[in-house]
Amino acid sequence: MIERYPFLIDIVTKRYFDGVDNKRLDQVLDCFTPDAVLTEVTSNTVHNGRDDGIAAMFRRLFTDFEQLWHGNFVHVADTQTNAICSQFTVLITPNNGDLLRYENCNRFYLDGDKFSRVFVYMSGDNLLREGND
């Protein structure tokens, strides 16, 4: 059996955010269950399904922004409920734009070894708009 605490930290930082920062869509989507839901809570934007809403959202994010970086992580992992809360800094540069800084918090709930529900609390404008697929 996978030791849960290190696994929860690893899936968030070395798999999910590494995939986001390097624009590796397959790596990012591999972190989600097929029926996952990602909600940007501060604007109540909901993306349903790994291969539909979530994939389209990330395609748009990767197209609209030339650089992405997530770091300065602070995690609280709950191994009994298979969930992790992560606070972090986001540095993101829109195409032909100026660097933006966000201080965000995500709550990840897992079903087995994949995210089933993700709640994003964003400190600025919603960057996780719906994609155009």
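Residues numbered from 1 in each chain as written. Predicted model: local features only at pLDDT ≥ 70, side-chain atom pairs only at ≥ 80, totals over all residues. Heavy atoms only, no water.

Caption draft 1: The overall build of the chain, seen in detail. Summing up its helical and strand segments, the chain has three helices and six strands in all. Element order for the chain, N to C, with α for helix and β for strand: α-α-β-β-α-β-β-β-β. A compact globule built from 133 residues should have a C-alpha radius of gyration of about 14 Å, and the chain, at 14 Å, falls within 12% of that. In terms of overall dimensions, the chain has a C-alpha envelope of 45 × 30 × 25 Å along the principal axes. Buried positions account for 46% of the 133 residues belonging to the chain. Long-range contacts, defined as pairs at least 24 residues apart, comprise 52% of the intrachain contacts of the chain with a sequence gap of at least 6. Accessible area for the chain stands at about 7000 Å²; split by element, carbon and sulfur atoms hold 47% of it. Side chains of the chain carry 13 positive and 20 negative charges; the gap between the two charge centres is 2 Å. (Helix = DSSP H or I, 4+ residues; strand = E, 2+ residues; numbered from the N terminus. Rg over C-alpha atoms; globule rule 2.2 N^0.38 Å. Buried < 20%, exposed > 50% of the residue type's maximum accessible area, 1.4 Å probe, protein only. Contact = heavy atoms within 4.5 Å. Areas by Shrake-Rupley, 256 points an atom, 1.4 Å probe, with all protein chains shown as cover. Lys, Arg positive; Asp, Glu negative; His and termini not counted. Charge placed at Lys NZ, Arg CZ, Asp CG, Glu CD.)

Caption draft 2: Quick look at the pattern of salt bridges. This model, assessed by the stated rule, comprises seven salt bridges. Among the salt bridges present, the one from Asp18 reaches Arg24, with a minimum N-O distance of 2.9 Å. Assessed through its relative accessible area of 27%, Asp18 is described here as partly exposed. Here Asp64 makes a salt bridge to Arg60, at a shortest N to O gap of 3.3 Å. Residue Asp64 and its partner Arg60 are located together in helix 3 (residues 49–64), separated by four residues, close to a single helical turn. The partly exposed category is assigned to Asp64, whose relative accessible area is 24%. Within this structure, Arg15, Asp30 and Lys114 form a network of salt bridges that share partners. (Salt bridge = Lys/Arg side-chain N within 4 Å of Asp/Glu carboxyl O.)

Caption draft 3: Quick look at empty space enclosed by the protein. The full count for this structure, using the stated rule, is one cavity of 30 Å³ or more. Of the voids in this model, the largest cavity is the one considered here, and its volume is about 160 Å³. Lining the largest cavity are 16 residues, with Leu61, His70, Asn104, Met122 and Leu128 positioned closest to its centre. Going through the elements one at a time, helix 1 (4–21), helix 3, strand 3 (65–78), strand 4 (83–94) and strand 5 (100–111) are the ones with two or more residues in the lining of the largest cavity. (1 Å grid on protein atoms, 1.4 Å probe; cavity = no way out; pocket = protein on both sides within 12 Å on 5 of 7 lines; lining within 4 Å. Points joined across faces, edges and corners; volume = space filled by probe spheres on them.)

Caption draft 4: Quick peek at helix 1. Here helix 1 is 18 residues long and its end C-alpha atoms lie 24 Å apart, about the 26 Å a rise of 1.5 Å per residue gives. Its maximal kink placed at Asp10, helix 1 deviates by approximately 35°. At the C-terminal side of helix 1, Lys23 shows a positive phi close to 55°. (Expected span 1.5 Å × (residues − 1). Bend = angle between axes of the 7 residues up to and from the residue.)

Caption draft 5: Just the side chain of Asn104, in detail. Tracing the backbone through its elements, the reader meets Asn104 in strand 5. From its side chain, Asn104 meets the backbone nitrogen of Ser123 in a polar contact 3.1 Å long. When near neighbours in sequence (up to four residues on either side) are disregarded, Asn104 contacts Ser86, Gln87, Phe88, Val90, Tyr121, Met122 and Ser123. (Polar contact = N/O pair within 3.5 Å; in protein donor to acceptor, adjacent residues only side chain to side chain.)

Caption draft 6: Just the sheet that holds strand 6 (residues 114–121), in detail. Reading across from one edge, 2-1-6-5-4-3 is the order of the six strands in this open sheet, with mixed pairing throughout. Each having just a single partner strand, strand 2 (45–48) and strand 3 make up the two edges of the open sheet. When the angles between neighbouring strand axes are averaged without regard to direction, this sheet yields 20°. Pairing between strand 1 (residues 32–40) and strand 6: five bridges, direction parallel. Within the sheet, the bridge partner assigned to Leu38 lies in strand 6 and is Val118. Packed on one face of the sheet, helix 1 meets strand 1, strand 3, strand 4, strand 5 and strand 6 and runs near 170° to strand 3. Where helix 3 meets the sheet, its contacts fall on strand 1, strand 2, strand 3 and strand 4, and the angle it forms with strand 1 comes to roughly 55°. (Pairing = 2+ DSSP bridges. Axes fitted to C-alpha atoms, helices over the stretch in contact; angles between N-to-C directions.)

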